[in-house]
Amino acid sequence: MTNPNYAHVAKVILEAIGGKDNVASAAHCATRLRLVLNDESKVNKAEIEKMDIVKGVFSTAGQFQIIIGQGTVNRVYAELAALAGIQEMSTADVKDAAMEKLNPFQRFCRMLSNIFVPIIPAIVAAGLLMGILGIVDKVGLGHLTDTWWFMLLDMFSSAAFNFLPILIAISAAKQFKCNPYLAATIGGIMIHPALQNAWTSGTGYETVNVLGIIDMPLLGYQGTVLPILIVIFVMSYIEKYTRKYMPKMLDILLTPLITVLVTGFLALVVIGPIANTVGSAISTFFTYALNNFGIFAGLLLGGSYSSIVITGIHHSFHAVELELIGNTGFNSLLPIWSMANVAQGGAALAVYFLAKNTKTKAIALPSAISCLFGVTEAAIFGVNMKYGRPFIGAAIGGALGGAYIVFSKVVFTAVGVTGLPALAISAPGTTLNYLIAMAIAVVGAFIATWILGIKED
């Protein structure tokens with residue numbers, strides 16, 4: 001559609017989703033209409049998909065999403081909002097509305113996603129710097145480590161991980177609806193200089209007996225995830241109930257004081273040590289699985305990841321990945337997820353050659369290319385799931401690539417990016433094997449999809 005009539009497009013979409021009475025809330029992001037509908041069974045999905053302007057349709061995490069494209073979706077949304085009488089909403093507002101339609105497990109995963117996605121840029125920046133510094137050391141330029149600029153870059157690269165509890169505390173406070181500055185203070189308490197830095201815990205650490213009952217470790221929580229998550233969750237209730245029963249004239253003074261005192265005590269004496277043990281156990285489990293089940297673990301994780309993406313809970317894995325980085329120094333899971341993503345591109349590319357439908361071809365090729373840069377929604381929902389068999393082909397390619405990732409011990413230094421951009425965060429010495437794994441995933445998915453074929457209406 002060269003010059004689409006956006007008013008007409010909006011009218012057709014509104015009728016296909018069941019009319020304005022079926023729209024609970026709506027917003028748009030860079031490429032998609034994000035709708036929360038009262039009854040998704042009223043949607044005429046086929047009617048929407050056959051529109052030239054629409055590149056894909058899918059439902060996830062309580063939201064019905066229509067992929068339209070950058071620079072166009074905002075115009076369609078404006079017309080849709082006018083027709084349906086929708087008040088301008090942010091994507092955060094729509095996410096809150098969608099949360100109400102999820103089951104408890106989905107809400108938990110969505111909560112983790114909302115906490116960790118905002119801090120990913122800081123972690124990616126730190127990981128990229130770590131990768132650069134690692135390369136400098138590996139290529140025989142170790143003498144540069146004594147220079148002033150290397151010292152500065154080393155500080156820059158470690159800051160996000162050293163102060164990770166504070167970053168998570170601020171983000172978690174927004175999710176749990178408590179004071180982010182008190183949360184940041186608690187995060188600061190958990191990495192206080194008076195405590196031994198967590199990165200040196202292997203050399204041993206001291207404990208102090210509290211109330212003659214508990215031996216509290218004098219150990220910081222740099223780079224950890226689970227302790228601060230649980231602590232801020234508890235803090236939200238401490239603050240809320242303290243404020244509820246505190247006289248208004250004393251609220252500004254005593255509520256912050258009591259919140260910090262009680263939460264800080266629980267963080268260092270009870271919650272922190274227990275949660276740290278649980279977090280270490282999670283890291284140990286994944287490390288053990290990857291080291292001992294090897295290729296089988298790679299096959300399973302690489303083959304199943306895209307199915308997890310459909311549920312919308314994959315962002316919750318950032319917590320596990322950060323825990324791995326904190327405990328082992330590397331992210332051994334994200335390279336496997338990356339294989340599943342690029343494999344979707346290989347399957348979509350096969351669909352481009354197999355399909356006879358002009359619109360399918362127009363969507364499949366750019367979708368395949370975008371997968372190489374970690375953007376998979378158009379390929380998954382607009383192409384591969386539409387025909388079914390290509391999604392299976394992508395799972396096969398992801399499994400093969402994941403197996404090679406584990407076999408060749410490819411690891412990353414950060415979270416958040418996959419595909420070709422992830423070359424920047426691949427650990428020194430693993431870049432070539434990462435490229436080989438990508439080729440295996442893409443070619444494997446392409447061949448599997450070609451063999452399985454597609455059925456066009």
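Preceding this paragraph is the structure being described.
Residues numbered from 1 in each chain as written. Predicted model: local features only at pLDDT ≥ 70, side-chain atom pairs only at ≥ 80, totals over all residues. Heavy atoms only, no water.

## Describing the overall build of the chain
- Within the chain, the secondary structure is distributed over 18 helices and six strands.
- Each of the 457 residues in the chain was classed as buried or not, and the buried ones make up 49%.
- A sequence separation of at least 24 residues applies to 72% of the contacts in the chain between residues at least 6 apart.
- Of the roughly 21200 Å² of accessible surface on the chain, 65% is carried by carbon and sulfur atoms. (Helix = DSSP H or I, 4+ residues; strand = E, 2+ residues; numbered from the N terminus. Buried < 20%, exposed > 50% of the residue type's maximum accessible area, 1.4 Å probe, protein only. Contact = heavy atoms within 4.5 Å. Areas by Shrake-Rupley, 256 points an atom, 1.4 Å probe, with all protein chains shown as cover.)

## Side note on the packing of aromatic side chains
- Considering all chains together, one arrives at ten aromatic pairs under this definition.
- Judged by centre distance (6.1 Å) and plane angle (45°), the rings of Y404 and F407 are tilted. One end of the pair is Y404 and the other is F407, both in helix α17 (residues 389–407) and three residues apart, which spans about a single turn.
- Each ring, one from F446 and one from W450, has its centre 5.8 Å from the other, and the planes form 20°; the classification is stacked. With F446 and W450 both in helix α18 (residues 431–452) and four residues apart, the pair spans about one turn of that helix.
- In this structure W450 comes out as partly exposed when scored by relative accessible area, which is 44%.
- Sitting over the ring of Y352, K361 keeps its end group 4.8 Å from the ring centre. (Phe/Tyr/Trp six-rings, centres within 6.5 Å; stacked < 30°, edge-to-face > 60°. Lys NZ or Arg CZ within 6 Å of the ring centre and 35° of its normal.)

## Description of the nonpolar core
- Residues F116, I168, I232 and L322 are the most contacted members of the largest nonpolar core, which totals 74 residues.
- Per-element tally for this core: the top contributor is helix α14 (residues 334–354), with eight residues.
- The contact partners of I168, leaving out residues within four places of it in the chain, are I115, F116, I119, T224, V225, I228 and L229. (Core = buried A, V, L, I, M, F, W, Y, C linked by side-chain atoms within 4.5 Å.)

## Here's the deal with the side chain of E239
- Looking at where E239 falls in the secondary structure, it is placed in helix α10 (residues 226–245).
- The buried category is assigned to E239, whose relative accessible area is 5%.
- Apart from the residues lying within four places of it in its own chain, the contact partners of E239 are C178, N179, L182, T255 and T259.

## A few points about unusual backbone geometry
- Here K177, not a glycine, exhibits a phi torsion of approximately 60°, which is positive.
- Structurally, K177 can be placed in the loop between α8 (164–176) and α9 (180–190).
- Relative accessible area serves as the criterion here: at 71%, K177 is assigned to the exposed category.
- For K409, which is not glycine, the phi dihedral falls at a positive 60°.
- Tracing the sequence through the fold places K409 in the loop between α17 and α18.

## Overview of the sheet that holds strand β4 (residues 63–67)
- Read from one edge to the other, the open sheet built from four strands follows the order β1-β2-β4-β3, with strand pairing classed as antiparallel. Where the open sheet ends on each side, the last strands, each with one partner, are β1 (23–28) and β3 (56–60). Neighbour-to-neighbour, the strand axes of the sheet open up by a mean angle of 20°, direction not taken into account.
- Sitting on the sheet, helix α3 (residues 73–84) touches β1 and β2 (32–37), and the angle it makes with β2 is about 35°. (Pairing = 2+ DSSP bridges. Axes fitted to C-alpha atoms, helices over the stretch in contact; angles between N-to-C directions.)

## A short note on a nonpolar patch on the surface
- Taken together, the side chains of L211, I213, I214, F265, V270, I274, V278 and I282 present a nonpolar region at the surface, about 730 Å² in accessible area.
- Looking at the nonpolar patch element by element, the count peaks at five residues for helix α11 (residues 248–292).
- Within the secondary structure layout, I214 lies in strand β6 (residues 214–217). (Patch = residues over 30% accessible without salt bridge, like charges linked within 9 Å, V, L, I, M, F, W, Y side chains within 5 Å. Salt bridge = Lys/Arg side-chain N within 4 Å of Asp/Glu carboxyl O.)

## Thoughts on the environment of M130
- Mapped onto the secondary structure, M130 falls in helix α6 (residues 120–138).
- Taking the C-alpha atoms as reference points, M130 and T413, separated by 283 residues in sequence, lie 6.8 Å from one another.
- When sequence neighbours within four positions are dropped, the list of residues in contact with M130 reads S157, S158, F161 and T413.

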